[in-house]
Amino acid sequence: MLSLRVPAPTSFDFRRFNAGGLDRRWRLSRDCLFSLSPDFAGRGIGFGVRSAKSEMAPFTAAEEETLPEGLQPELMPKHVAVIMDGNGRWAKNRGLQPWDGHRAGVEALREIVELCGKWGIQVLTVFAFSTDNWIRPKIEIDFLLSLFERTLKSEFDTLAKNNVRISVIGDSSKLPESLIEVINEVEEVTKNNTRLQLIVAVGYSGKYDVVQACRGIAKRVKDGEIEVGEIDERLIEQELETNCTEFPYPDLLIRTSGELRVSNFLLWQLAYTELFFAQELWPDFGRSGFIEALMSFQQRQRRFGGRKS
Amino acid sequence: MIARQEEGEFSQIFNALMGLMRRFIFRVLRVGPIPNHISFIMDGNRRFAKKHNIKSINAGHRAGFISVTYVLQYCKEIGVPYVTLYAFGFDNFKREPEEVKCLMDLMLEKVELTIEQAISGNLKGIRVIFAGDLNSLNERFRAAAQKLMEITEGNRDLIIVVCVAYSTSREIVHAVRESCVRKCDDGDGDVALELSDIEECMYASTVPDPDLVIRTGGGDRLSNFMIWQTSKSLLHTTAALWPELGLWHLVWAILKFQRMQDYLQKKQKLD
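Residues numbered from 1 in each chain as written. Chains lettered and ligands numbered in written order. Predicted model: local features only at pLDDT ≥ 70, side-chain atom pairs only at ≥ 80, totals over all residues. Heavy atoms only, no water.

K.L.:
What's the story with the interface of chain A and chain B in this structure? I'm lost.
P.N.:
As a measure of interface size, the accessible area lost when the parts come together is often cited. With 46 residues of chain A in contact, the opposing surface of chain B contributes 51 residues. Viewed at the interface, chain B and chain A are joined by 4 salt bridges. The partner of Arg 215 of chain A in a salt bridge is Glu 194 of chain B, with the nearest N and O atoms 3.6 Å apart. Elements with a minimum of two residues in the side of chain A that touches chain B: helix H6 (206–222), helix H7 (233–239) and strand S6 (274–277) of chain A. Split by residue class, the side of chain A that touches chain B holds 21 nonpolar, 9 polar and 16 charged. (Contact = heavy atoms within 4.5 Å. Salt bridge = Lys/Arg side-chain N within 4 Å of Asp/Glu carboxyl O. Helix = DSSP H or I, 4+ residues; strand = E, 2+ residues; numbered from the N terminus. Nonpolar A, V, L, I, M, F, W, Y, C, P; charged D, E, K, R; others polar.)

K.L.:
Looking at this model, I keep getting lost on the confidence of the model for chain A. Mind explaining?
P.N.:
A low pLDDT score tells you not to read the predicted coordinates there in detail. Across chain A, pLDDT averages 80, with 78% of residues at or above 70. Across residues 1–63 of chain A, where pLDDT falls below 50, the model places 114 contacts with residues more than four positions away in sequence or in other chains. (pLDDT = per-residue confidence, 0-100.)

K.L.:
Hey, could you run me through the domain arrangement of chain B in this one?
P.N.:
According to the domain assignment, chain B contains domain 1 (35–166 + 210–218 + 230–270) and domain 2 (168–202). Averaged C-alpha coordinates put domain 1 of chain B and domain 2 of chain B at centres separated by 28 Å. (Domains from an automatic or database assignment.)

K.L.:
Could you clarify how one ought to interpret a negative patch on the surface in this entry?
P.N.:
All names here are of chain A. On the surface, Glu 227, Glu 230, Asp 232 and Glu 233 cluster together to form a negatively charged patch. When you line up the elements, Glu 227 lands in the loop between H6 and H7. Under the relative-accessibility criterion, Glu 227 is labelled exposed at 52%. (Patch = residues over 30% accessible without salt bridge, like charges linked within 9 Å, V, L, I, M, F, W, Y side chains within 5 Å. Areas by Shrake-Rupley, 256 points an atom, 1.4 Å probe, with all protein chains shown as cover. Lys, Arg positive; Asp, Glu negative; His and termini not counted. Charge placed at Lys NZ, Arg CZ, Asp CG, Glu CD. Buried < 20%, exposed > 50% of the residue type's maximum accessible area, 1.4 Å probe, protein only.)

K.L.:
Whenever I open this one, the pattern of salt bridges confuses me. Can you help?
P.N.:
Oppositely charged side chains may form a pair once their charged atoms are brought near each other. Within this structure, the stated rule accounts for 35 salt bridges over all chains. Between Arg 103 of chain A and Asp 100 of chain A there is a salt bridge, and its shortest N-O distance comes to 2.8 Å. Here Arg 103 of chain A and its partner Asp 100 of chain A are both found in helix H3 (residues 98–119), 3 residues apart, which amounts to about one turn of the helix. Of the charged contacts, one joins Asp 142 of chain A and Lys 138 of chain A as a salt bridge, the two residues approaching to 2.8 Å between their closest N and O atoms. Of this pair, Asp 142 of chain A and Lys 138 of chain A both sit in helix H4 (residues 138–161), separated by 4 residues, roughly a single helical turn. Accessibility expressed as a relative area gives 60% for Lys 138 of chain A, which makes it exposed. Each of Asp 251, Glu 274, Arg 300 and Arg 302 of chain A together with Arg 221 of chain B takes part in salt bridges that share partners, so that together they form one network.

K.L.:
Would you take a moment to explain the packing of helix H1 (residues 9–29) of chain B against helix H3 (residues 59–78) of chain B for this structure?
P.N.:
Packed helix pairs are characterised by how far apart their axes lie and by the angle those axes make with each other. Residues and elements named next belong to chain B. Direction vectors running N to C along H1 and H3 enclose 55 degrees, while the axes themselves pass 9 Å from each other. Regarding the angle of H1 to H3, the classification is oblique. Where H1 crosses over H3, the two elements pack in a sense that is right-handed. Together, Arg 22, Phe 26 and Leu 29 of H1 and Gln 73, Tyr 74, Glu 77 and Ile 78 of H3 make up the contact between the two elements. (Axes fitted to C-alpha atoms, helices over the stretch in contact; angles between N-to-C directions. Parallel < 35°, antiparallel > 145°, perpendicular 65-115°, else oblique. Left-handed = near helix turned anticlockwise from the far one by under 90°.)

K.L.:
Help me understand the packing of aromatic side chains in this model?
P.N.:
Aromatic ring pairs are reported here in terms of the distance separating the ring centres and the angle at which the planes meet. Residue and element names in this part refer to chain B. Taken as a whole and judged by the stated rule, the model has 15 aromatic pairs over all chains. Here the aromatic rings of Tyr 70 and Tyr 74 are separated by 6.4 Å at their centres, their planes lie at 40 degrees, and the arrangement is tilted. Placement of both Tyr 70 and Tyr 74 in helix H3 is noted, with a separation of 4 residues, approximately one turn of the helix. Taking the relative accessible area as the measure of exposure, Tyr 74 reaches 11% and is therefore buried. Here a set of aromatic residues connected by ring pairs shows up, and it is made of Tyr 86, Tyr 166, Tyr 203 and Phe 225. Looking at Arg 170, its charged tip hangs above the ring of Phe 90, at a distance of 3.8 Å from the centre. (Phe/Tyr/Trp six-rings, centres within 6.5 Å; stacked < 30°, edge-to-face > 60°. Lys NZ or Arg CZ within 6 Å of the ring centre and 35° of its normal.)

K.L.:
It is not clear to me how helix H5 (residues 177–190) of chain A should be interpreted in this structure. Could you clarify?
P.N.:
All names here are of chain A. Helix length check: H5 (14 residues) gives 20 Å between terminal C-alpha atoms against 20 Å at 1.5 Å per residue, within 8%. Along H5, the residues that are buried comprise Leu 179, Val 182, Ile 183, Val 186 and Thr 190. Here the buried residues of H5 occupy an arc of 100 degrees about the axis, which is enough to place them on one side. In H5, the exposed positions angled more than 90 degrees off the buried face are occupied by Glu 177 and Glu 181. Lining the buried residues of H5 we find H4 and strand S3 (164–169). (Expected span 1.5 Å × (residues − 1). Arc of directions from axis to C-beta.)

K.L.:
Looking at this structure, how should I read the environment of Gly 154 of chain B?
P.N.:
All names here are of chain B. Within the fold, Gly 154 resides in the loop between helix H5 (139–151) and strand S4 (158–166). Exposure remark for Gly 154: the relative accessible area of 61% places this residue in the exposed category. For the pair Gly 154 and Thr 69, spaced 85 residues apart in sequence, the C-alpha to C-alpha distance is 21 Å.

K.L.:
I tried to follow empty space enclosed by the protein on my own but got confused; where do I start?
P.N.:
In this approach the atoms are scanned with a rolling probe the size of a water molecule, which exposes any empty space left behind. All told, the structure shown has 4 cavities of 30 Å³ or more when counted by the stated rule. Looking at the largest cavity, its volume works out to about 60 Å³. Lining the largest cavity are Leu 275 of chain A together with Ile 41, Val 213, Arg 215, Gly 219, Asp 220, Arg 221, Leu 222, Leu 235, His 236 and Thr 237 of chain B. Every element with two or more residues in the lining of the largest cavity is listed here: strand S5 (212–215) and strand S6 (234–237) of chain B. Counting residues per element, the lining of the largest cavity draws most heavily on S6 of chain B, at 3 residues. Taken together, the residues of the lining of the largest cavity sort by class into 5 nonpolar, 3 polar and 3 charged. (1 Å grid on protein atoms, 1.4 Å probe; cavity = no way out; pocket = protein on both sides within 12 Å on 5 of 7 lines; lining within 4 Å. Points joined across faces, edges and corners; volume = space filled by probe spheres on them.)

What follows is the structure in structure tokens.
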């Protein structure tokens, strides 16, 4: 279980805080962000009062949860990709600020990572920040990137202990130095972990990935390393940023908040990915939404262009 | 569109009435935004044949072609300028050779029929473009496709892109090869490859990206079809099989597109 030993105070009612200073808000809620109470079902406002008793112990292989009823272990997807859409709307619906929505989103992500680890899903790719998102207001971008940095630092130990490998893909040229350092460190330390690979896409888009792969290939052609005629699908696959994993092709893509589009998240890799569009906003998409997505996936007939005999 | 066989008087009156009703419906639809480019993933032909217990190997696909003619007519009446049809994917070559051959023969038959229609002036304003790895098709088909593209080149009312032997993976490989060839000849400096260089080398690069993708047959996946071009498109899936796709399904899809437009515009400004 990805919990963090929180210092006192350990109880904090998210809904009760008022619009005080941003600093105070950040400090207070950060302390309590990552403790999970048993009644947080992932739906509705789950940030109720918590206590130290409600923290769960870190999970080990021996405590692996059995799959919920209806899900078959042999049909579980190896690689799940998620577009975590709807944080802003979630916050707006509750009269909160956008950054509160993003924090709620991180909480929802923790739950999904935990479930993936328990249910034998080997790769989880999440779309944290797209190349198209650079147009957003600077204050939101700064918050998002610093939230990401803080989350990496604070979750690092727990993830390492739970045998989770973290990889970050995307264009790092616009990211702040401090974040790049943390990313490199986390990737290095967790690179030999095998239980679950968590790929976080930051500053990433499917088209960007293909263009950078193409640049790499063009350079190799120019250097005489390969011929133009040798460029094929396998070569491009090797040059894409998803070459950090053994299973670069997602079996299932989940998008929350009811939007029916892919929005430039992964491109090449989505050739035969099953798409699942959930109506809930990301912070509300918890265990039950995930189970629904997995059940839908398991019922589908995948033909990959051929014929099902 | 394609010339119908001799019809009785009653049929003519009935068709005229239906045409009038459609005109009315489309007039109402046109108050809102109409997608500039709709692409169709025509899935479900074989299941249709199985459902109706038709044994012949490409019966479902023949029914599918009839559906194509109706859908194209509706799109023309609504005023959608670009339509793409996913006729045959490169990965479909994995199917039984007999089925592939039947499909190819059927498509060739229809292309030749369309050429005749074009020559006799029945295809008013319709341009047909073939996108895909045409070199992997047989000689006769390729020649017919080339001829149809040439004959209809000047038309502008409705542009139909037919994807044959198409897959996004092959399209990207092709685009990467082409852009490497172009860029590596540009002197000794570092290769400066941009997004636009790759986009120029895509198969149907003159056609704008689809706004709406309609997939029949209930599957919620892209099947290696125009993944590059549809990254911002609305993906609409319907459980109806392709030969069952009718006027109301199309109207519903466009209404859905219109409903989501406001939110999309807002999001596009943000993103």
